[in-house]
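Here is what each chain is made of, one letter per residue.
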Amino acid sequence: MSHQTEAPSNFIHKIIEADIASGKHGGRVATRFPPEPNGYLHIGHAKSICLNFGLAVDFNGRCNLRFDDTNPHKENIEYVEAIQQDVRWLGFDWDDRLYYASDYFEQLYLYAVELINKGRAYVCDLDAEQVRDYRGTLTEPGRNSPYRERSVAENLELFARMRAGEFPDGAKVLRAKIDMASPNMNLRDPALYRIRHGVIHHQTGEAWCIYPLYDYTHPISDALEGITHSICTLEFEDHRPLYDWVLDHITIDCHPQQIEFSRLNLEHTVVSKRKLTQLVDDGHVEGWDDPRMPTLAGLRRRGYTPAAIRTFCERIGVSRADSLVEMALLENCIREDLNDIAPRRMAVLKPLKVVIENLAEGQVEELEVPNHPQQPALGTRRVPLSRVIYIDQDDFREEASKKFKRLVAGGEVRLRFAYVIRCDQVIKDAQGNVIELRCSYDPATLGADPAGRKVKGVIHWVSAAHAVPLEVRLYDRLFTHKTPDNAGGRDYRELLNPESLRTLTQAVGERSLAQARAGDRFQFEREGYFCLDGVLAAKDRQVFNRIVTLRDSWAKIEEQGG
RNA sequence: UGGGGUGUCGCCAAGCGGUAAGGCACUGGAUUUUGAUUCCAGCAUACCUAGGUUCGAAUCCUAGCACCCCAGCCA
């Protein structure tokens with residue numbers, strides 16, 4: 001069963017098609033994914049990764065992986081490694097085209113000298129606060145810096161001395177000379193270089209004490225790599241004139257086209273790096289790879305497949321409109337993928353002991369059961385049935401309406417893949433809690449309907465004698481609010497869902513689950529899809545993360561007061 | 001009250017002057033030893049609003065309205 005979507009058509013796709021038709025870049029297509037190594041990749045990055053790498057695939061082009069590492073204060077080698085792992089895991093490859101903006105520091109410096117020589121950049125002595133003051137506001141023009149008219153010679157000397165480390169942090173900055181009255185704030189003589197002493201850059205070490213800024217670095221890095229289409233998010237739209245300005249004023253033979261699209265917002269999650277970092281640092285989650293995190297590391301550990309995430313990125317589309325995507329779409333993608341590929345197993349999350357009294361003590365029946373209802377290729381396995389089994393507490397009620405198709409006192413239900421049983425006796429503790437059921441099975445019902453009766457319900461079960469102890473972690477949305485980022489002034493941390501993780505320690509799984517290995521995904525019949533955790537695995541039990549529940553129309557009926 | 005954007009079904013999203021794709025969600029129904037899957041059917045006389053042009057407009061024009069982004073030596 002394939003769920004291939006036809007070539008996604010979005011406005012960027014069309015721009016590229018038109019460019020190829022007109023021979024704009026000689027028919028070449030080159031994109032890049034340019035993360036800053038200051039945090040882990042999240043689902044929003046996945047959209048950009050799929051877009052950039054996907055475009056390269058669609059048009060037989062190339063997509064580079066480039067670390068935008070111009071701010072050593074925030075960046076870290078741990079992130080550059082994690083990011084590569086995540087991109088690869090998502091299913092994309094950059095061959096030998098792994099670049100760092102810092103690879104270009106020397107060229108960037110030379111281009112800055114060129115700008116100075118052309119009178120288009122100058123060294124400014126204003127401090128940060130003064131610069132802000134001179135910049136003006138959204139509605140008022142800024143004022144020229146008193147250092148704006150320094151001679152080329154003086155600027156050249158000062159810039160060289162900046163590089164030589166003669167000035168302390170913040171003492172000077174190299175600025176583009178554009179227009180302090182521009183209605184576009186980005187054009188009011190933006191800073192090109194700042195001074196940063198005492199930081200060890202993960203790539204260049206202590207070679208530099210001046211670092212170029214994004215707006216200056218990005219267009220040049222793109223051009224040096226021969227990028228044809230530089231795709232970024234909407235908030236950079238106002239920066240495009242500056243992107244073009246830089247390339248128009250230096251001697252370089254490539255001018256990529258910047259194209260912006262709107263970033264992904266997902267309901268019930270935050271994707272700002274600052275907030276994700278805070279969740280980790282403040283211990284609200286167990287780490288960047290906590291299965292509740294929208295990070296690729298978190299989704300991976302949760303059990304999401306790369307294919308599901310790619311499908312999701314295709315389905316959300318690419319446009320310029322602000323959007324907030326429902327979690328249901330992501331869930332649909334993983335269900336769809338796992339439904340096809342995940343072997344089925346039986347596991348009882350909240351066990352209720354059932355004794356089948358007409359089954360002899362010590363008697364074990366090995367049942368051969370399919371691993372998948374629609375895919376014989378996934379094979380079969382043997383599941384043992386014996387006198388004492390567990391069923392789920394939710395599958396029994398002393399009495400219920402006819403809508404309830406499971407087991408009731410005195411009623412019958414089928415044990416999945418096995419026999420029909422009848423509940424003969426309900427045993428309770430002193431508090432009146434049901435603690436055990438006494439049942440009898442009908443030997444004539446294996447693979448056959450009982451004579452003269454209809455048994456609609458089918459429930460899953462696990463043989464007690466063969467049960468594998470399970471710890472099952474049930475995840476729910478991390479935030480109760482749809483937009484924790486913007487919840488009427490409430491801090492997103494107040495909106496954390498206290499029930500985002502429920503850990504069941506009494507769960508049991510069928511015998512074959514003992515063989516499961518970290519990362520294995522199963523459908524626990526009637527419960528959902530689960531993945532064996534790779535971090536918490538313990539000796540005495542198997543730890544499973546719930547990836548997603550099954551669709552549950554019964555839950556809907558119940559909600560509606562059924 | 002500067003500049004740049006965006007407004008099509010509950011959520012995404014096609015459409016680019018010829019009479020509203022698709023997906024998710026939802027609602028019926030069929031099959032089912034997972035209340036799963038699968039299948040079949042339904043789901044915008046309507047495209048932010050108001051005018052206008054046109055035989056014909058979501059698509060063109062005009063005027064509004066709403067929302068998003070920009071005043072880091074962050075990216």
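What you see is a predicted model, and the numbers here were worked out from it, not measured in a lab. (Residues numbered from 1 in each chain as written. Chains lettered and ligands numbered in written order. Predicted model: local features only at pLDDT ≥ 70, side-chain atom pairs only at ≥ 80, totals over all residues. Heavy atoms only, no water.)

### A look at the domain arrangement of chain A
Many structure descriptions define interface size as the accessible area lost when the parts assemble. In terms of domain boundaries, chain A breaks down into domain 1 (11-261), domain 2 (273-343 + 470-559) and domain 3 (347-460). Domain 2 and domain 3 are separated by 29 Å when their C-alpha centres are compared. Across the boundary between the two partners, domain 2 contributes 24 residues, which contact 25 residues of domain 3. Interface area, domain 2 with domain 3, both sides summed: about 2,000 Å², of which 51% is carbon and sulfur. Contact with domain 3 buries surface across domain 2, with Glu525, Arg526 and Trp554 losing the most and accounting together for 31% of the total. Seen at the junction of domain 2 and domain 3, the total is five salt bridges. Of the charged contacts, one joins Arg511 and Glu366 as a salt bridge, the two residues approaching to 2.5 Å between their closest N and O atoms. Across the contact surface, domain 2 and domain 3 share eleven residue pairs in polar contact (both at pLDDT 80 or more). Breaking the side of domain 2 that touches domain 3 down by element, the ones donating at least two residues are helix 12 (327-341), strand 23 (468-475), strand 24 (501-509) and helix 13 (553-559). At five residues, strand 24 tops the list of elements feeding residues into the side of domain 2 that touches domain 3. (Domains from an automatic or database assignment. Contact = heavy atoms within 4.5 Å. Buried area = accessible area lost by both parts, 1.4 Å probe. Salt bridge = Lys/Arg side-chain N within 4 Å of Asp/Glu carboxyl O. Polar contact = N/O pair within 3.5 Å; in protein donor to acceptor, adjacent residues only side chain to side chain. Helix = DSSP H or I, 4+ residues; strand = E, 2+ residues; numbered from the N terminus.)

### Examining the packing of aromatic side chains
Inspection of every chain in the model, using the stated rule, returns 18 aromatic pairs. Ring geometry for Tyr40 versus Tyr79: centroids 5.7 Å apart, planes at 90 degrees, classification edge-to-face. Of this pair, Tyr40 sits in the loop between strand 1 (30-33) and helix 2 (43-58) while Tyr79 sits in helix 3 (residues 77-90), placing them 39 residues apart in sequence. Here Tyr40 matches Tyr79 in class, with each residue buried. Ring geometry for Tyr193 against Tyr216: centres 5.7 Å apart, planes inclined by 55 degrees, an arrangement best described as tilted. Highlighted residues: Tyr193 in strand 6 (residues 191-195) and Tyr216 in helix 7 (residues 214-224), separated in sequence by 23 residues. Here the two residues Tyr193 and Tyr216 agree in accessibility, since each one is buried. An aromatic cluster is defined as three or more aromatic residues linked by ring pairs; in this entry it consists of Phe105, Tyr109, Phe159, Tyr193, Trp208, Tyr211 and Tyr216. Taking NZ or CZ as reference, Arg143 lies 4.2 Å from the ring centre of Tyr134, over its face. Above the face of the Trp89 ring, Arg300 is positioned so that its terminal group lies 5.2 Å from the ring centre. (Phe/Tyr/Trp six-rings, centres within 6.5 Å; stacked < 30°, edge-to-face > 60°. Buried < 20%, exposed > 50% of the residue type's maximum accessible area, 1.4 Å probe, protein only. Lys NZ or Arg CZ within 6 Å of the ring centre and 35° of its normal.)

### Observations concerning the pattern of salt bridges
Two side chains with opposite charge may pair up if their charged atoms get near one another. Tallying each qualifying case throughout the model produces 48 salt bridges. Asp491 serves as the salt-bridge partner of Arg493, at 2.9 Å between the closest nitrogen and oxygen. According to the relative accessible area criterion, Asp491 is partly exposed, its value standing at 27%. A network of salt bridges, in which partner residues are shared, links Glu286, Glu471, Arg473, Asp540 and Arg541.

### Brief notes about the sheet that holds strand 6
The four strands lie next to each other as 4-5-6-7, forming an open sheet whose pairing is antiparallel. Looking at strand neighbours, the two that pair on one side only are strand 4 (121-124) and strand 7 (210-212), the edges of this open sheet. For this sheet, the mean angle separating the axes of adjacent strands, direction not counted, is 20 degrees. One ladder, built from three bridges, connects strand 5 (residues 173-176) with strand 6; its direction is antiparallel. If you follow Leu174 over to strand 6, its bridge partner there is Tyr193. This element, helix 4 (residues 105-117), spans strand 4, strand 5, strand 6 and strand 7 of the sheet and lies at about 120 degrees to strand 6. (Pairing = 2+ DSSP bridges. Axes fitted to C-alpha atoms, helices over the stretch in contact; angles between N-to-C directions.)

### Examining the protein's contact with RNA strand B
Lining the immediate surroundings of RNA strand B are 66 residues, of which Ser319, Arg406, Arg416, Arg551 and Ser553 lie closest. Sugar and phosphate atoms form 68% of the subset of RNA strand B atoms that lie within 4 Å of the protein. One nitrogen or oxygen atom from the side chain of Gln523 is found 2.6 Å from a base nitrogen belonging to RNA strand B. Lys556 places a polar side-chain atom, nitrogen or oxygen, 2.7 Å from a phosphate oxygen of RNA strand B. Elements with a contribution of two residues or more to the surface near RNA strand B: helix 5 (128-135), strand 6, helix 11 (306-316), helix 12 and helix 13. Looking at the surface near RNA strand B element by element, the count peaks at four residues for helix 12. Each residue belonging to the surface near RNA strand B can be placed in one class, and the counts come to 24 nonpolar, 16 polar and 26 charged. (Near = heavy atom within 4 Å. Nonpolar A, V, L, I, M, F, W, Y, C, P; charged D, E, K, R; others polar.)

### Considerations on unusual backbone geometry
In this structure, Asp95 is a non-glycine residue whose phi angle is positive, near 50 degrees. One non-glycine residue, Phe417, adopts positive backbone phi at about 70 degrees. With respect to the secondary-structure elements, Phe417 resides in the loop between strand 18 (412-415) and strand 19 (420-428). Since its relative accessible area comes to 21%, Phe417 is described here as partly exposed.

### Describing the sheet that holds strand 1
Strand order in the open sheet formed by three strands is 1-2-3, and the pairing between neighbours is parallel. Both edges of this open sheet fall to strand 1 and strand 3 (98-100), since each of them pairs with a single strand only. If you compare each strand with its neighbour and ignore which way they point, the axes differ by 35 degrees on average. Where strand 1 meets strand 2 (residues 62-67), four bridges bridge the pair, whose relative direction is parallel. In the sheet register, Ala30 faces strand 2, and the bridge partner there is Arg62.

### Observations regarding helix 9 (residues 273-281)
Buried within helix 9 we find Lys275, Leu276, Leu279 and Val280. One side of helix 9 carries all its buried residues, which in axial view fall inside an arc of 140 degrees. Exposed side chains of helix 9 directed beyond 90 degrees from the buried face belong to Arg274 and Asp281. (Arc of directions from axis to C-beta.)

### Focus: helix 2
Over its 16 residues, helix 2 runs 21 Å from end to end, which matches the ideal 22 Å to within 8%, given 1.5 Å per residue. Helix 2 sits mainly inside the fold: 14 of its 16 residues count as buried. Where helix 2 ends, the next residue or the one after it, Asn60, has phi of about 60 degrees, a positive value. (Expected span 1.5 Å × (residues − 1).)

### As for the pairing of strand 12 (residues 351-356)
Within a regular beta strand, the side chains point alternately toward one face of the sheet and then the other, so they alternate between its two faces. Two strands pair when backbone bridges link them, and strand 12 and strand 15 (residues 388-392) are joined in this way by five bridges, in the antiparallel orientation. Bridged to Val355 within strand 15 is Val388. Here strand 12 runs beside strand 20 (residues 434-442); their pairing, made up of four bridges, is parallel. Following the sheet pairing, Val354 is matched in strand 20 by Leu437.

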